[in-house]
Each structure stands twice: as C-alpha cells, then as structure tokens.
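If you want the building blocks of each chain, they are given just below.
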Amino acid sequence: AVLGTVPGLHVHPSWQVQLPEGSMGDFPVEFRFVTDSPAYADSTTFTVVLTNEVASTTSTSTTTTTTSVTTTLPPPLCGALPLGGCKGSLAGKSKLRIKLKAAEPSKDKMRFRYSKGAATIETEFGDPLGSSPQYSLCIWDSSASPQPLLHAQIAPGGLCDGKPCWKRNVGKSLQYKNKAGNADGIQQVKIKADGSPDKAQIQVKAKGLSFAAPTLPLTPMVTAQFIVDDGGVACWEVPISTTIKNDALQFKGKGP
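This section reports on the structure supplied with the text. This is a predicted model, so every value here is computed, not measured.

Regarding the nonpolar core
Judged by nonpolar contacts, the single largest core of 38 residues is most densely connected at Met110, Phe112 and Phe226. With residues up to four places along the chain from it excluded, the contact list for Phe112 reads Lys95, Leu96, Leu137, Ile202, Gln203, Val204, Ala224, Phe226 and Val238. One finds Cys86, Trp140, Ile227 and Cys235 within the second-largest nonpolar core, a separate group that totals seven residues.

Right, dumping it as structure tokens:
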C-alpha cells in the first residue's frame, strides 16, 4: 500500500489488518519503506506479529488488529554542510573539473581527482563486491543555492554491461566501471590505497543526461568530498583553493 508523502525524516503510518472469522494464532506481517529520493536508502524489512486469541462468535464479525510503526530513515551522506574530519591531500594535487555543453547536455561531464592523499588502507572503503557500503561524491559552494550542489551516489555490487560493476586488485585498488553511467551519470570510480602516506587516490568520472550537473559558475569556496558509509562514515576532502576557470560552461579548480 502507498503510505503517502510525509515531510521530514519521520514516517508515522497506521493501517488495519482484518483476519478471517475464526482465525487463531500468530500472523507475521512483513513490510518496508521505499523511497524515490536518491538522498535516502530504502529501509530494512520489518516484521510485526499479529496475535488473535479470541475467535468471533457470529458469522458476520471479524477481528481487527491495528498497529503503528515509527521509523527514521538514514540521513543522506551529503548534508547541507560538508562533513568535518575528512582526510586531506597534499597542496595543489587534487582537482575538480565540470564541463557543460549548452546545446548537447548529453555531453555534460565531470571529473574529480583526489591525489597524494593521507595514508589510507583499502578496507576503509568497505567491500563493494561482498558487502553493502554506500558511496557518494558531494559538492558544495559558498552561494545561497540549496546545498549540496551535487550528490552523486554509487551503489555496491550490481552488473554493468553484463559484468560486475566493481572489481578489486587486492590490497591496492578498487574500480567501478559503468559505460552507460548509473542513475547519477557516474561512469567510473578508481580508488588506490595501500596505507602509504601521501599515496591515496580517488577518481570519479560522470557524463551524460543522468549527470545532474550543478549550475555554473560556482561561488568559491568550493568543496568536494568522497564519502563512504560502511556502518561508519569516512570521507576524503578537497577544498578547491585555486580556481583556474569558472564561467557558465566550465569550472576548473585545484586544491587544497
């Protein structure tokens, strides 16, 4: 059943379940909350056990049990402000580029590159092949526009072009490849982390109509973060301290 639209993160549905006359015992009911917003994930499956201990005595009556459940959906990885405590990189080694084609939005594209990053081991990024970490690339600027300007998500697992979307070079790298682009236009993610200082790398590429490119130009300071939620949240950040180009069709900058 469709529960309807409820503002905020809290959902308070209630419903009635009618049991046939004479039905006795326990009746498990399974349900979950499904969202059409890319900022939230569907909930886990909940089970409510309805117990009918008294049978009806007339042929026209039914037993009605009413229950209600309150749940809080997980917050989006990209909030209105950048996360604190993220790992940084060496000065001037990380880059963000967004390029728009006004007449051909299918050619809009973005490239984020976090380079020479703080010591990171591969397990900090979770296991997208065998587990369920969630990945997001988030971009904020200093304008009055609703923030973040970009919240692009990459799911674990899955098949892309008939092959697993993710692959691993154990102890060295993770790679996501989707030639057609996912729901947010992400075509490629490359992660390298072997625990060495100033060696961590993250690359994200997006292109096409599914890529919801932010409106240009951007307002400095611009901040980009790659965020992972694998039961605990970790993040890698690039404050764009140097703007190379910033107009209605292209943004190019580097940092920190």
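Brief notes about the pattern of salt bridges
What the rule picks out here adds up to four salt bridges. Salt-bridge contacts for Glu122 lead to Arg168; the nearest nitrogen and oxygen are separated by 2.9 Å. Linking Glu122 in the loop between β8 (109-117) and β9 (134-140) with Arg168 in strand β13 (residues 166-169), this pair joins segments that are 46 residues apart in sequence. Look at Glu122 and you get buried, because its relative accessible area is 13%. A salt bridge links Asp127 to Arg168, with the nearest nitrogen and oxygen atoms 2.3 Å apart. With Asp127 in the loop between β8 and β9 and Arg168 in strand β13, the pair connects residues that are 41 residues apart, well separated along the chain. Via salt bridges that share partners, Glu122, Asp127 and Arg168 belong to a single interconnected network.

Brief notes about the packing of aromatic side chains
A full pass over the atoms with the stated rule returns five aromatic pairs. Between Phe125 and Trp236, the ring centres sit 4.3 Å apart and the planes meet at 15°, which makes this aromatic pair stacked. Linking Phe125 in the loop between β8 and β9 with Trp236 in strand β18 (residues 233-240), this pair joins segments that are 111 residues apart in sequence. One exposure class covers both Phe125 and Trp236, and it is buried. Aromatic pair Tyr135 and Trp166: ring centres 5.1 Å apart, planes at 35°, arrangement tilted.

Let's talk about the sheet that holds strand β20 (residues 250-255)
One open sheet holds the eight strands; their spatial order is β13-β14-β15-β16-β8-β7-β20-β19, and the pairing between them is antiparallel. Whereas interior strands pair on both sides, the edge strands pair on one side only; in this sheet they are β13 and β19 (242-246). Neighbour-to-neighbour, the strand axes of this sheet turn through a mean angle of 5°, independent of strand direction. Pairing of strand β15 (residues 186-192) with strand β16 (residues 200-207), which is carried by six bridges, proceeds in the antiparallel orientation. Its bridge partner lying in β16, Lys190 is registered against Gln203.

The rules we used
Residues numbered from 1 in each chain as written. Predicted model: local features only at pLDDT ≥ 70, side-chain atom pairs only at ≥ 80, totals over all residues. Heavy atoms only, no water. Core = buried A, V, L, I, M, F, W, Y, C linked by side-chain atoms within 4.5 Å. Buried < 20%, exposed > 50% of the residue type's maximum accessible area, 1.4 Å probe, protein only. Contact = heavy atoms within 4.5 Å. Salt bridge = Lys/Arg side-chain N within 4 Å of Asp/Glu carboxyl O. Helix = DSSP H or I, 4+ residues; strand = E, 2+ residues; numbered from the N terminus. Phe/Tyr/Trp six-rings, centres within 6.5 Å; stacked < 30°, edge-to-face > 60°. Pairing = 2+ DSSP bridges. Axes fitted to C-alpha atoms, helices over the stretch in contact; angles between N-to-C directions.

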